[in-house]
Amino acid sequence: MKIERIQDAILPTIWGEFKIIGFKEKINDKNHVVLTYGKIDNTKPVLVRIHSECLTGDALFSLRCDCGEQLKTSLMLIAKLGSGILIYHRQEGRNIGLLNKIKAYNLQDHGLDTVEANHKLGFSADERDFTICSDILKLMHIYQIHLLTNNPIKVKILNDSGINVVKRINLIVPHNPKNEKYLNTKINKMGHIMPKKNF
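Residues numbered from 1 in each chain as written. Predicted model: local features only at pLDDT ≥ 70, side-chain atom pairs only at ≥ 80, totals over all residues. Heavy atoms only, no water.

Some remarks on helix H2 (residues 67-81)
Taking 1.5 Å as the rise per residue, H2 with 15 residues should run 21 Å; its terminal C-alpha atoms sit 21 Å apart, in good agreement. Turning to H2, its buried residues are Cys 67, Gly 68, Gln 70, Leu 71, Thr 73, Ser 74, Leu 75, Ile 78 and Ala 79. Positive backbone phi, at 90 degrees, marks Gly 82, one or two positions downstream of H2. (Helix = DSSP H or I, 4+ residues; strand = E, 2+ residues; numbered from the N terminus. Expected span 1.5 Å × (residues − 1). Buried < 20%, exposed > 50% of the residue type's maximum accessible area, 1.4 Å probe, protein only.)

Written as structure tokens, this is what we have:
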């Protein structure tokens, strides 16, 4: 188990009252948080969203990606359905870090797509470790989930690490002219499942 549970508290939001739970990686003390809403019944599949940290999209309202829209939509959907979990997976820029992400943005400004930019900087297309998320779920005694994601890699990694993804649910959010190339790259190069007719 790579992670330990630290503390929880009430987190009121515009969508309702969540509980926020702090987790810490044992090796490097890196922090992750989980937001839960309503009664979590682990005897049946739990609605889960794994949202990887994106400072520019989540907090600074960037139009370059769809991250901020995905975060808002996920929390709104969880609250609307009355129960669910959002894991805020703090691996910025697909785990290349904020400053490298800005370097990647600069390369994209000069014509590269997000995958090409990562490769140019010496990284793989996606450096994230989703087994941390499976450890979090196991610590919460959750082993069967409905996963809110467009990314089939998340499904495979969670299944392989002992979390039964009973159902994958598409997360479709509004797009804009600034993130059209980014979204098409996720579809065409990273295997994300989104209706292409929207782009």
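Still more ground to cover, so stick around.
Some details on the environment of Ile 27
Locating Ile 27 in the fold gives a position in the loop between strand E2 (16-25) and strand E3 (31-37). Its relative accessible area of 80% is what places Ile 27 among the exposed residues. Along the chain, Ile 27 and Ile 3 lie 24 residues apart, while their C-alpha atoms are 8.4 Å from each other.

Topic: a nonpolar patch on the surface
Residues Leu 55, Leu 60, Leu 98, Leu 99 and Ile 102 make up a contiguous nonpolar surface patch of roughly 470 Å² in combined accessible area. In terms of residues, the nonpolar patch owes the most to one element, helix H4 (residues 98-109), which gives three residues. Tracing the backbone shows Leu 60 in the loop between helix H1 (55-59) and H2. Of the residues examined, Leu 60 reaches a relative accessible area of 56% and is grouped as exposed. (Patch = residues over 30% accessible without salt bridge, like charges linked within 9 Å, V, L, I, M, F, W, Y side chains within 5 Å. Areas by Shrake-Rupley, 256 points an atom, 1.4 Å probe, with all protein chains shown as cover. Salt bridge = Lys/Arg side-chain N within 4 Å of Asp/Glu carboxyl O.)

Observations concerning the nonpolar core
Counting 22 residues, the largest nonpolar core has Val 48, Ile 87 and Ile 145 as its most contacted members. Of all the secondary structure elements, the ones that give two or more residues to this core are E2, strand E4 (46-52), strand E5 (84-89), helix H6 (131-139), strand E6 (144-148) and helix H7 (152-160). Top contributing element to this core by residue count: H6, with four residues. Excluding residues within four positions of it along the chain, Ile 145 makes contact with Pro 45, Val 46, Val 48, Leu 137, Leu 158, Ile 163, Asn 164, Val 165, Val 166 and Lys 167. Within the second largest apolar cluster, 13 residues are counted, among which are Leu 35, Leu 71, Ile 78 and Leu 148. (Core = buried A, V, L, I, M, F, W, Y, C linked by side-chain atoms within 4.5 Å. Contact = heavy atoms within 4.5 Å.)

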